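Inside the fold
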Amino acid sequence: MRGKSALRIPAVILILLGCAALAAATGKQEDKTAVKGEPIHITGWANWAPGPVKDSPTFGNLYMFQVAREKFNITIDWTEATGSTAEVTTQLGLLVASGKMPDLIERIMTTQIGQDYGRQGAFIALEDLIARNAPVLSAQMKANPAYRGQTVAPDGHIYFFPRLLEDLPRNFNGFHIRQDWLDKLGLAMPQTMDELYAAFKAFRDKDPNGNGKADEIPWSSNPYPLAWAFGIGCRGSNNVTDFFVEDGRVKFGPLDPRYRDAMTLLAKWYSEKLIDNEYLGLKASAFDTKVLQDQVDACYGSYAGYLTKYNKLFLQDRKSGLFVGLPAPAGPAGIRSNLGIHMELDPACGAAITVQSKQAAAITRMMDYFYSDEGRRVLYFGKEGEHYTMQGGKPVYTDKVAKHETLAIAQYLNTYVGYISQWPSIVPGDHQLSLYDKEGKEALYTAAKTAGNRKIPILQFTTAEVKETQTLSRDLNTYIDEWLDGFIRGTKPLGDYDAFLDGLKKLNAERYTALHQTAYERYLKATGM
Amino acid sequence: METTGGKTGSGRTAAAHRPGEFRRYLKRRGFLLYLFFLPVALYYLVFHYVPMYGVIIAFKDFSPFLGILRSPWVGFEHFLTFFRSIYFFRLLRNTFLISFYSLLFGFPVPILFALLLNELPGRRLRSIIQSLTYVPHFVSTVVVAGLLYTFLSPSAGFVNAIVTGLGGKAVDFLREPAWFRFLYVLSGVWQQMGWGSIIYVAGLSAIDVQLYEAADMDGAGRLRKMWSISLPGILPTIVTMLLLNLGRLMTVGFEKVFLLYNSATYETADVISTYVYRSGIMEQQYSFAAAVGLFNSVVTLVLLTGFNWISRRMSEFSLW
């Protein structure tokens, strides 16, 4: 299995690089004309905080902006906003309401807010500018209908430069399992829910950690991702809704008959102590303790934040104890589904040009550069020789970046090189891979193959629709939270399932679904399908 | 403008002899006092009264882009959606009960504690005990919640180790709706007992020692003195504190509930502020959040005015 995937990936990367290079080549001619022009000074507003180091530069002095200055003759005078997301969102609202906006807004906070302000007349509609000045982004949108579909507002315009993701970085989140314990008990990697059930029972009863106590917890962390194998939507890690896509339609998990099967199974596993009976309200520190005390056999989370982190900690103290990626287990209908992945569009980012800007074309050219292969190299890897070196045709971070005494790679890049956490671009797989250990990299490839395509895309709503969905979701979310955990923990008997369904109807779950279906149909139209 | 203390002192003795100058001196002093008051008045004006016009967003569809004044009016729509929520009465009940129990059990404890402290012989011992009981007040709510989760865990907590050690069945305290209010109130009492007693200790130390000496001569015992001298001595403080606390009946600390609750305990733990947090602020529903907040304030105002009225009728104490 491993050999196969290792062969496949370079091919995928080559194709992607090829696409990007082709697009970049066409983009370059535009660049040269820009450099000849007058120096351009613009103002910008960014949600960025200096790194936790003494010599952190200001935002405008990041390496990426030095390159932008050289290539496009653009100097940006940035105002940096920091604080919690809610605070910065309020600051953005005040900025827009003040009527004195800078040329460029680096973060629109959510794509919904971005297109709301756009339709209200604060931001420029970008589609013509992109068609004329952004050949790379245009080509990418054409090649990937999902990129376009999720970026277009309900009125058909594009109001922000999207932050997009390649396939590998989308699959950052997934299932983990202890390979050493599978080996110890002579079990093959579970591929289905039935095999997982058998493995979990073995974990529970056969004392794989060898301490003579029955303290193993086959599944810790939230159990909701296990419901996805039934092909339905269910809230869970990095998945806030219960919607899913099947047969070209949006469906609401709790209204689907398979939801009941999923609840039945989870309740059974919970009562048999295969699922952590303390998952509810489990604090991160308590979870860490369980993992490091060799109690957790399987869980769900990000490959950087869980798998790679824990493996590093395991290897510090001892020689054994390794998490590997568990392929999304196939459910009763043979469906593999991972709804905790990212979609092709990052809904929390995006940059907009305000209507007060007179440099829209020049800004668009600069923005386009960071979608190109060359620009992405600058953004995510920095300067060759200083931040990375080429090894076997692939960029590898230098020790200056990879082994900084206080900053992790991503932090280092955000502080000195490029704003990788938010800047509109296409998150490249080779950068994402550099964040993982060997097991993490393999897990990413496995996850990419077993994620399925049931996750609902990022939908853009009209103002009236937003208001209605927000009102409906208020009670629905609390209601589903209570019943979902009630079913799993056995405090609400499955015999009451009809009462649960009645409640959903009373709370207008059908109308809630219909609103999403409308937005989904607009999405399909925007993708050109 | 007198610049040195010496001059002021001599001015005062001189003024005392001439009534006209004395009055002028007082006037000047009064003016100075008002000057001292000015920053406080300004603070309340700028930070508490001026922003109040913002509550009009409770009756509007607020969009930051349009601003407070230009956002369209919608009347009582946000209030009505809140009243129509299937969780409205549960939220109201939980909010009221959690504060009510906190008051019922949390209010008398610092008074009793202060009375007991007052009976302790020796200043040193008293101040040591007092300082020790302050400490929990300075522990952050996040840490208190962490401690509760650790101590009460059914698998690893020491409380359940004792319960099972004594032959009982482990209780999942933090995931049982029936336990939530008890734990909330108990941890609150533990945290605030020492701190809350400061004001009463201060009140007790202001009581004239002669009263106790006179009672001693009349042959009064400790309890008698406590009942007839100490308690009446701090009664005005108690009533004022009680009224102030009653005014806060509908405001439950958001943070602590948020850190301790989960969907298994929503039944008894979900309060207005947590509900609004989950559904409002997260998605920029400022108007809805403002409407619920305003409703909460109106209920508080009614309660406070009512209790103050009752207190004035039944005793001579009142806030105004």
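Residues numbered from 1 in each chain as written. Chains lettered and ligands numbered in written order. Predicted model: local features only at pLDDT ≥ 70, side-chain atom pairs only at ≥ 80, totals over all residues. Heavy atoms only, no water.

**Considerations on the domain arrangement of chain A**
Residue and element names in this part refer to chain A. Partitioning chain A into domains gives domain 1 (40–167 + 345–427) and domain 2 (173–340 + 454–528). The gap between the C-alpha centroids of domain 1 and domain 2 is 33 Å. Facing the 16 residues of domain 1 at the interface are twelve residues of domain 2. Summed over both partners, the interface of domain 1 with domain 2 comes to about 1,100 Å²; 55% of that surface belongs to carbon and sulfur atoms. On the domain 1 side of the interface with domain 2, the three residues burying the most area are Gln 112, Gln 150 and Pro 154, jointly 42% of the side's total. The tally of links from domain 1 across to domain 2 stands at eight residue pairs in polar contact (both at pLDDT 80 or more). Elements represented by at least two residues in the side of domain 1 that touches domain 2 include exactly helix H4 (111–119) and helix H7 (145–151). (Domains from an automatic or database assignment. Contact = heavy atoms within 4.5 Å. Buried area = accessible area lost by both parts, 1.4 Å probe. Polar contact = N/O pair within 3.5 Å; in protein donor to acceptor, adjacent residues only side chain to side chain. Helix = DSSP H or I, 4+ residues; strand = E, 2+ residues; numbered from the N terminus.)

**Focus: the pattern of salt bridges**
In the structure shown here, the tally under the stated rule is 35 salt bridges over all chains. The closest approach of N and O atoms between Lys 251 of chain A and Asp 247 of chain A, which form a salt bridge, is 3.9 Å. (Salt bridge = Lys/Arg side-chain N within 4 Å of Asp/Glu carboxyl O.)

**Observations regarding the domain arrangement of chain B**
Split into domains, chain B comes out as domain 1 (2–50) and domain 2 (66–314). Once you take the C-alpha centre of each, domain 1 of chain B and domain 2 of chain B turn out to be 40 Å apart.

**Some points on helix H8 (residues 141–152) of chain B**
Residues and elements named next belong to chain B. Relative to the 16 Å expected for twelve residues at 1.5 Å per residue, H8 spans 16 Å between its end C-alpha atoms, a close match to the ideal helical length. Every buried residue of H8 is listed here: Thr 141, Val 144, Ala 145, Leu 148, Tyr 149 and Leu 152. Buried residues of H8, viewed axially, fall in a sector of 135 degrees; they line one side. The secondary structure elements touched by the buried residues of H8 are helix H9 (158–165), helix H10 (177–205) and helix H13 (254–260). (Expected span 1.5 Å × (residues − 1). Buried < 20%, exposed > 50% of the residue type's maximum accessible area, 1.4 Å probe, protein only. Arc of directions from axis to C-beta.)

**Concerning the interface of chain B and chain A**
The interface of chain B with chain A comprises 31 residues on the first partner and 30 residues on the second. Between chain B and chain A lies a buried interface of about 2,600 Å² when both sides are counted; carbon and sulfur atoms form 49% of it. Across the contact surface, chain B and chain A share four salt bridges. Measuring nitrogen to oxygen at the nearest pair gives 2.9 Å for the salt bridge that ties Glu 482 of chain A to Arg 90 of chain B.

**Details of the side chain of Asp 485 of chain A**
Within the secondary structure, Asp 485 of chain A is located in helix H20 (residues 463–489). The side chain of Asp 485 of chain A sits in the buried core without any salt bridge; Arg 489 of chain A is the nearest counter-charge, 6.6 Å away. Polar contacts involving the side chain of Asp 485 of chain A include one to the side chain of Tyr 224 of chain A, which spans 2.6 Å. With residues near it in sequence (within four places) discarded, Asp 485 of chain A still touches Tyr 224, Tyr 279 and Leu 280 of chain A together with Ser 263 of chain B. (Lys, Arg positive; Asp, Glu negative; His and termini not counted.)

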